[in-house]
Amino acid sequence: MKIHIKNGRLIDPKNNFDGVTDIYLAAGKVAALGQAPDGFTANREIDARNLIVAPGFIDLAARLREPGYEYLATLESEMQAAVAGGVTRLVCPPDTDPVLDEPGLVEMLKHRAKSLNQAHVYPLGALTQGLAGKVLTEMAELHDAGCIGFSHANAPLIDTTLLMRAMQYAATFGFTVWLRPEDPFLAKGGIAHDGEVATRLGLAGIPACAESIALATILTLMRETGARVHICRLSSRAGVELVRQAKADGLPVTCDISINHAHLCDMDIGYFDSNANLIPPLRDQRDRDALRAGLVSGVVDVLCSDHTPVDENAKQVPFGEAEAGATGLELLLPLALKWAIEQKISLSAALAKITCEPARILGLDAGHLSVGHNADLCLFDPAAHWRVAAPALKSQGKNTPFLGYEMLGKVRMTLVSGHVVYES
Amino acid sequence: MTPNPQLSEDGALRHLLTIEGLSAKLIHSILDTAESFVSVGEREVKKVPLLRGKSIFNLFFEPSTRTRTTFEIAAKRLSADVVNLNVSASSQSKGETLLDTVDNLAAMGADMFVVRHAQSGAAHLIARHVAPHIHVVNAGDGRHAHPTQGLLDMFTIRRYKQDFTKLKVAIVGDVMHSRVARSEIHALTTLGVPEVRVIAPRTLLPTGVEALGVHVYNDMLQGLKDVDVVMMLRLQNERMSGPFLPSAQEYFKSYGLTADKLQLAKPDAIVMHPGPMNRGVEIDSSVADGGQAVILPQVTYGIAVRMAVMSMLAGTQ
Amino acid sequence: MQLPDPEQLLSQLASALKPRLRANTALVGIHSGGAWVAQQLRQRLGGTLPLGTLDISFYRDDFSSVGLHPQVRPSDIAFAMDDAHIILIDDVLHTGRTVRAAMNELFDYGRPAAIELLVLIDRGGRELPITADLVGAHLDLAPNQNIQVTLDPNNNLKLSLHER
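Residues numbered from 1 in each chain as written. Chains lettered and ligands numbered in written order. Predicted model: local features only at pLDDT ≥ 70, side-chain atom pairs only at ≥ 80, totals over all residues.

Visitor: Could you give me a rundown of the overall build of chain A, with the residues and numbers involved?
Guide: Helix and strand counts for chain A come out as 13 helices and 19 strands. Its C-alpha radius of gyration of 21 Å places chain A within 12% of the 22 Å reference for a compact globule of 424 residues. Across its three principal axes, chain A shows a C-alpha extent of roughly 65 × 50 × 45 Å. Scored against the burial criterion, the 424 residues of chain A give a buried share of 58%. Taking the contacts inside chain A whose residues are at least 6 apart along the sequence as the reference set, 75% of them involve residues at least 24 apart. (Helix = DSSP H or I, 4+ residues; strand = E, 2+ residues; numbered from the N terminus. Rg over C-alpha atoms; globule rule 2.2 N^0.38 Å. Buried ≥ 20, exposed ≤ 12 C-beta atoms within 10 Å, placed from the backbone. Contact = placed C-beta atoms within 7 Å.)

What follows is the structure, given as structure tokens:
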């Protein structure tokens, strides 16, 4: 399929390009930029006037809820949500049911996702069998089946010896370990950040040190084992500082924050809004500001959606009984743009956080638009407003603390491997 | 963010969910109304026909005899029909959600729900959900709020001390887990008490408690000096020995109210307790039964205050 | 319209009431206007009669539409109601609903031997079968007119006419 995209403003952070230019796609790749290749006849002409043309977004955390949680969401609905959000590649955590700890399960998921011909799905394998924290998984087999890394999702990993061995084992093969730092004892029973808001609302708190204690353990074990680690969903200023120091010391560590933590803090719980029940909890304003600043300075590498569709009924309960999580695939772009505007960051620098930076962490040749390379694109209108409400979302997860908010930035078209997979 | 469901558009009280957000004027008007109900309670016929024909459902998800009983008495003295529902944890786990239970009861003609629940925010959830003509009274949600207790405590203080703006008040005990403490703190600060103190070991003080407008004391001997009101909090059994405290005996030694320690307060200081008391743990019997304790009057006033709250809510359109 | 002089009305009422007093008579004034009238009458009658006040907020029939009055004051009946001869006193008699509520409340205190109704002004417009035994003055007012009894700075009664 030969496609000619004209009049669009191409922003490609990796190649440092920002300007109005023509883009020519053929055979799933970028055939040329600016001038048409000789003899190029387009099957389809797309007028991208007033739109931004960016590399398709890469989301490091999106729960698709298959296998096992089909009552919450299906692959079909969530993959629709992904491309509606401009996401062309996504990483899904292993906390499905059953857990992604068997090569067969991984193959099946990859196969299912591939057959939908939408975004590319990169599953993370479980670090331990059943995520029970006792026995290592067959990481080499899982990698061959398609796992891009190994994660412990939100399951507690209490045994430090096991954590160390898991990291050593992963390091043996050069696999990246994905860990969300949280001390399970300090987090037990907690549902909100342990601070003034939780005190006032009478909610059991998880102190920020639950994150920094676990993070310090992980970083120390990194020094011991040489493992490469991606830190998932930082939530505190202490956490940011630990990562900053570790990077300065040359440790092979990367980290992400979710779109929710980039903007909200514990005050947004308001009058017990269950939509603000998240893992990790929303911490205080200073923590939020440190996370935002970390994203600017690069201590925090990427922004991810942390897409977690939850059944509406699981939110229509008292705050402490609600299931944690928020929908996010369709909010990744507008919330990245919002952060950029508020922090006075260029569009290019903002888009880097959801294109070439995640690609770098995954070790993929993606997140950029270079001649001869794969053509994943997102065309979006940076000036379009839309209100976050259930009918506007393709995901089956309708719950987000941003319900009712006005967003700026609407995806108009998404292409994967040179094919249009979404247009509005 | 959801709006405050407690007040109607014109600022009238539609539900009573928490003392936080109520003005001093509104609190005083509740106390004034309660005064009238005290005199009703002193008559031969202790009933008034105000809520005749109204159905009040006591929806208690946490067991409680005393609070439920005072609400029941209060409702009956208003001539309302009262239905008591003790929803045990097991029937909840049979699948019916909190809101489904509420919807079913509303379909049976409930005009008002008095709700006690183990989760903070439960009363808010119900209040946001019910039809406009139904009112919700929070009888205690998790560790968040117990507004009628806070109000009856303020009524008691007003009766004995009159002017809030001249008082030093000390709240002693497990502030961290106490909805009573939070409601008392909001009420005292709103009514202009210049010095509100909390006295507890650090393990029983929640993070950032000073932001609620209190002075923190870990030393009870310092904290009780010259206070006009001592408000004791109940220590739950499960907290007496574990990560929060080593033993009830040690707790009593440092934080129990004895006659000696009470001497540090003003000579006419009053001693309050929301009940039920753990004698010998947070309070010595000699104090609990002594002349400065106003614990039994608190119970009487509790009926009048709850009558006032229910009639004010029922009268709001 | 020429409004009567409240002082004159009080004198007339006191004279009319005097012969009806019994050993077990008590005055009960309905808040707030009736309480002022009762107070004034008690003074004119020697200042020794038992005096009670009633706040009928909890007995009104319009609670569903109007709600609870923001300023509820306690009723105060310090004497025994059983077998008492009550002179129930209000400032203005209009629909009769206030008197109905007041009588219901009196009966929650006990069983009086008899109740007689005394009002400063009867302005007509009855909606219930209630008649005053002693009336200071009859005034024929239009539905949109309202007569108010207030206290002036010297604690004397004052009448004023209002139009909606």
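Visitor: Describe the domain arrangement of chain A, naming the residues involved and giving the relevant values.
Guide: Residues and elements named next belong to chain A. Each assigned domain of chain A is listed here: domain 1 (3-53 + 373-423) and domain 2 (56-362). Taking only C-alpha atoms into account, the centre of domain 1 sits 26 Å from that of domain 2. At the junction of the two partners, domain 1 supplies 28 residues and domain 2 supplies 45 residues. Sorting the residues of the side of domain 1 that touches domain 2 by element identifies strand 17 (377-387), strand 18 (406-416) and strand 19 (419-423) as the ones contributing at least two each. If you tally residues by element for the side of domain 1 that touches domain 2, the top one is strand 18, at 6 residues. (Domains from an automatic or database assignment.)

Visitor: Report on the pairing of strand 11 (residues 176-179) of chain A, specifying residues and quantitative values.
Guide: All names here are of chain A. Side-chain alternation along strand 11 places Thr176 and Trp178 on one buried face and Val177 and Leu179 on a second face that is also buried. Relative to strand 11, strand 10 (residues 150-151) runs parallel, the two sharing 2 bridges. Across the sheet, residue Ser151 finds its bridge partner in strand 11, namely Trp178. The parallel pair strand 10 and strand 11 is bridged by helix 4 (residues 160-173), and the resulting crossover is right-handed. (Pairing = 2+ DSSP bridges. Right-handed = clockwise from strand over helix to strand, strands pointing away.)

Visitor: Outline the domain arrangement of chain B, supporting the account with residue identities and numerical values.
Guide: Residues and elements named next belong to chain B. If you check the domain split of chain B, you get domain 1 (24-146 + 301-314) and domain 2 (147-298). On a C-alpha basis, the centres of domain 1 and domain 2 stand 26 Å from each other. Taken together, the contact pairs 21 residues of domain 1 with 24 residues of domain 2. Broken down by class, the residue content of the side of domain 1 that touches domain 2 amounts to 11 nonpolar, 6 polar and 4 charged. (Nonpolar A, V, L, I, M, F, W, Y, C, P; charged D, E, K, R; others polar.)

Visitor: Now, about the sheet that holds strand 4 (residues 135-141) of chain B: what can you tell me, with residues and values included?
Guide: Strands pair in a sheet through their backbones, by hydrogen bonds, and they do so in one of two ways: parallel or antiparallel. Residues and elements named next belong to chain B. One open sheet accounts for 4 strands, arranged 2-1-3-4; its pairing is parallel. Edge strands, defined here as strands with exactly one partner in the open sheet, are strand 2 (81-86) and strand 4. The mean angle between the axes of side-by-side strands here comes to 15 degrees, regardless of whether they run parallel or antiparallel. As paired strands, strand 3 (residues 112-117) and strand 4 are joined by 5 bridges and run parallel to one another. (Axes fitted to C-alpha atoms, helices over the stretch in contact; angles between N-to-C directions.)

Visitor: Now, about the arrangement of the chains: what can you tell me, with residues and values included?
Guide: Ranked by contact count, the leading pair among the 2 pairs of chains in contact consists of chains A and B. Taking C-alpha atoms as the reference, chain A and chain C come no closer than 27 Å and do not contact one another.

Visitor: Quick rundown of the packing of helix 2 (residues 66-77) of chain B against helix 12 (residues 295-314) of chain B? Include the residues and the values.
Guide: Residues and elements named next belong to chain B. Viewed as axis vectors pointing N to C, helix 2 and helix 12 meet at an angle of 60 degrees, and their least axial separation amounts to 8 Å. The angle between helix 2 and helix 12 falls in the class oblique. Crossing of helix 2 against helix 12: the hand is right-handed. Taking contact as the criterion, the partners of Thr70, Phe71, Ile73, Ala74, Ala75 and Arg77 in helix 2 are, on helix 12, Gly302, Ile303, Arg306, Met307 and Met310. (Parallel < 35°, antiparallel > 145°, perpendicular 65-115°, else oblique. Left-handed = near helix turned anticlockwise from the far one by under 90°.)

Visitor: Give me the lowdown on the interface of chain B and chain A, citing residues and values where you can.
Guide: Facing 25 residues of chain B, the contacting portion of chain A comprises 21 residues. Of all the elements in the fold, those that place two or more residues in the side of chain B that touches chain A are helix 4 (98-107), helix 5 (122-129) and helix 7 (179-190) of chain B. The leading source of residues in the side of chain B that touches chain A is helix 5 of chain B, at 3 residues.

Visitor: With reference to specific residues and values, describe the interface of chain B and chain C.
Guide: If you look at the interface, chain B gives 18 residues, while chain C gives 14 residues. Looking at the side of chain B that touches chain C, the elements with two or more residues in it are helix 1 (24-41) and helix 12 of chain B. With 6 residues, the single largest contributor to the side of chain B that touches chain C is helix 1 of chain B. Its residues placed into classes, the side of chain B that touches chain C shows 5 nonpolar, 8 polar and 5 charged.

Visitor: Describe the sheet that holds strand 5 (residues 168-172) of chain B, listing the residues and the values that go with them.
Guide: All names here are of chain B. Read from one edge to the other, the open sheet built from 5 strands follows the order 7-6-5-8-9, with strand pairing classed as parallel. One side of each edge strand has no neighbouring strand; the edge strands of this open sheet are strand 7 (215-217) and strand 9 (270-272). Across the sheet, the mean angle separating the axes of adjacent strands is 20 degrees when strand polarity is ignored. Summarising the sheet, strand 6 (residues 195-199) and strand 7 pair through 3 bridges and their orientation is parallel. Directly across from Val198, in strand 7, lies its bridge partner Val216. Lying over the sheet, helix 7 contacts strand 5, strand 6 and strand 8 (229-232), oriented at roughly 170 degrees with respect to strand 5.

Visitor: Give a detailed account of helix 1 (residues 6-17) of chain C, specifying residues and quantitative values.
Guide: All names here are of chain C. For helix 1, built from 12 residues, the straight-helix expectation of 16 Å at 1.5 Å per residue is met to within 8% by its first-to-last C-alpha distance of 16 Å. All of the buried residues along helix 1 are Pro6, Leu13 and Leu17. When helix 1 is viewed along its axis, its buried side chains cluster within an angular range of 30 degrees and face the same direction. Exposed side chains of helix 1 directed beyond 90 degrees from the buried face belong to Glu7, Gln8 and Ser15. In this fold, the buried residues of helix 1 make contact with helix 2 (33-44), strand 3 (85-93), strand 4 (114-122), strand 5 (134-138) and strand 7 (157-163). (Expected span 1.5 Å × (residues − 1). Arc of directions from axis to C-beta.)

Visitor: I'd like to hear about helix 4 of chain A, residue by residue, with values.
Guide: All names here are of chain A. Given a rise of 1.5 Å per residue, 14 residues ought to cover 20 Å, and the 20 Å separating the end C-alpha atoms of helix 4 matches this to within 8%. Along helix 4, the residues classified as buried are Leu163, Ala166, Met167 and Ala170. Considered in projection along helix 4, the buried side chains sweep an arc of 95 degrees and stay on one side of the axis. Phi for Gly174, located one or two positions after helix 4, is positive at around 80 degrees.

Visitor: Break down the nonpolar core for me, citing the residues and quoting the values.
Guide: Counting 160 residues, the largest nonpolar core has B:Phe113, B:Val172, B:Val230 and B:Met310 as the members making the most contacts within it. Ranked by residue count, the leading element in this core is helix 12 of chain B, at 11 residues. Here B:Val230 is in contact with B:Ala170, B:Val172, B:Leu224, B:Leu257, B:Ala265, B:Ala269, B:Val271 and B:Met272, once residues within four sequence places are set aside. Formed by 124 residues, the second largest nonpolar core is a distinct cluster that contains A:Ile5, A:Ala119, A:Phe175 and A:Ala375. (Core = buried A, V, L, I, M, F, W, Y, C linked by C-beta atoms within 7 Å.)

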